[in-house]
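Examining the three-dimensional arrangement
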Amino acid sequence: GRILVPVGVAIAIVGFVLVLLAAVSFPPGLAPWYIAAAMSVAGFGTGLVISPNQAITLSDVPVTQAGVAGSMTQLGQRVGNAIGFAAVVSTFYSVIHSETGKATTLVTFHDGLRNGLLVVFGLFVLTLIVALVDLIGYRRRRAAATSALD
């Protein structure tokens, strides 16, 4: 399950890059369809992360404390989602506000969407780095434990 976390995050990154490309490359009439397809890829990737993340958290916790650990994991996910959403939306609207009156509405929207998705991309790249560091550390600890038994 631990390998699914970086794989899922990588798939989500690809999905969000596709969202960005669809949003700025296709005409307004077609863009929503391509964005929906790209969001499906991103959603699949993020779906691969949630269950293994829960299992990883609970694997190191005594059974008597599993309920508390599970709820703390959920709390962390909710707080992270709220902070990430706030960062993306504030980036989007700061671009809209700064460009009001300077360009057409569609160009302003695309600029805001682009910058918001770049924040998403940055957060997911940071998540991928953390997931890879965790995976490498886990494999090293497991290898050390195995060699200590020999």
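For the structure itself, look to the data block above.
Model, not experiment: these values are computed from the prediction. (Residues numbered from 1 in each chain as written. Predicted model: local features only at pLDDT ≥ 70, side-chain atom pairs only at ≥ 80, totals over all residues. Heavy atoms only, no water.)

Roughly 1100 Å³ of internal volume is contained in the largest pocket. The wall of the largest pocket is formed by 35 residues, among which G80, N81, L123, F124 and T127 lie closest to the centre. Those elements giving two or more residues to the lining of the largest pocket turn out to be α1 (4-25), α2 (31-59), α3 (66-99) and α4 (105-149). When residues of the lining of the largest pocket are assigned to their parent elements, the largest contribution, 12 residues, is made by α3. A per-class count over the lining of the largest pocket returns 23 nonpolar, 9 polar and 3 charged. (1 Å grid on protein atoms, 1.4 Å probe; cavity = no way out; pocket = protein on both sides within 12 Å on 5 of 7 lines; lining within 4 Å. Points joined across faces, edges and corners; volume = space filled by probe spheres on them. Helix = DSSP H or I, 4+ residues; strand = E, 2+ residues; numbered from the N terminus. Nonpolar A, V, L, I, M, F, W, Y, C, P; charged D, E, K, R; others polar.)

Moving on to the pattern of salt bridges. Following the criterion strictly, the structure yields 2 salt bridges and no others. In this structure, D134 and R2 form a salt bridge, with 2.8 Å as the shortest nitrogen-oxygen distance. Linking D134 in helix α4 with R2 in the segment before α1, this pair joins segments that are 132 residues apart in sequence. For D134, a relative accessible area of 32% corresponds to the partly exposed category. Between R114 and D111 there is a salt bridge; the shortest N-O distance is 3.3 Å. (Salt bridge = Lys/Arg side-chain N within 4 Å of Asp/Glu carboxyl O. Buried < 20%, exposed > 50% of the residue type's maximum accessible area, 1.4 Å probe, protein only.)

Together, V14, V17, L18, L21 and F121 make up an exposed nonpolar region whose accessible area comes to about 380 Å². In terms of residues, the nonpolar patch owes the most to one element, α1, which gives 4 residues. With respect to the element layout, F121 can be found in helix α4. Note on F121: relative accessible area 34%, which makes it partly exposed. (Patch = residues over 30% accessible without salt bridge, like charges linked within 9 Å, V, L, I, M, F, W, Y side chains within 5 Å. Areas by Shrake-Rupley, 256 points an atom, 1.4 Å probe, with all protein chains shown as cover.)

Counted by the stated rule, this structure contains 3 aromatic pairs. An angle of 5 degrees between the planes, with centres 3.9 Å apart, marks the rings of F26 and Y34 as stacked. Taking relative accessible area as the criterion, F26 reaches 31% and is therefore assigned partly exposed. An angle of 80 degrees between the planes, with centres 5.0 Å apart, marks the rings of F92 and Y93 as edge-to-face. Looking at R2, its charged tip hangs above the ring of Y138, at a distance of 4.0 Å from the centre. (Phe/Tyr/Trp six-rings, centres within 6.5 Å; stacked < 30°, edge-to-face > 60°. Lys NZ or Arg CZ within 6 Å of the ring centre and 35° of its normal.)

Right, let's get into the nonpolar core. Core analysis: the largest hydrophobic core is formed by 17 residues, its most contacted members being V5, V9, I13, F16, L117, V120 and F124. Elements with a minimum of two residues in this core: α1, α2 and α4. It is α1 that contributes the most residues to this core, 7 residues altogether. In this structure L117 touches F16, V19 and L20, once residues within four positions along its chain are discounted. (Core = buried A, V, L, I, M, F, W, Y, C linked by side-chain atoms within 4.5 Å. Contact = heavy atoms within 4.5 Å.)

This brings us to the side chain of Q77. Within the element layout of this structure, Q77 appears in helix α3. Setting aside residues no more than four positions away along its own chain, Q77 makes contact with N53 and Q54.

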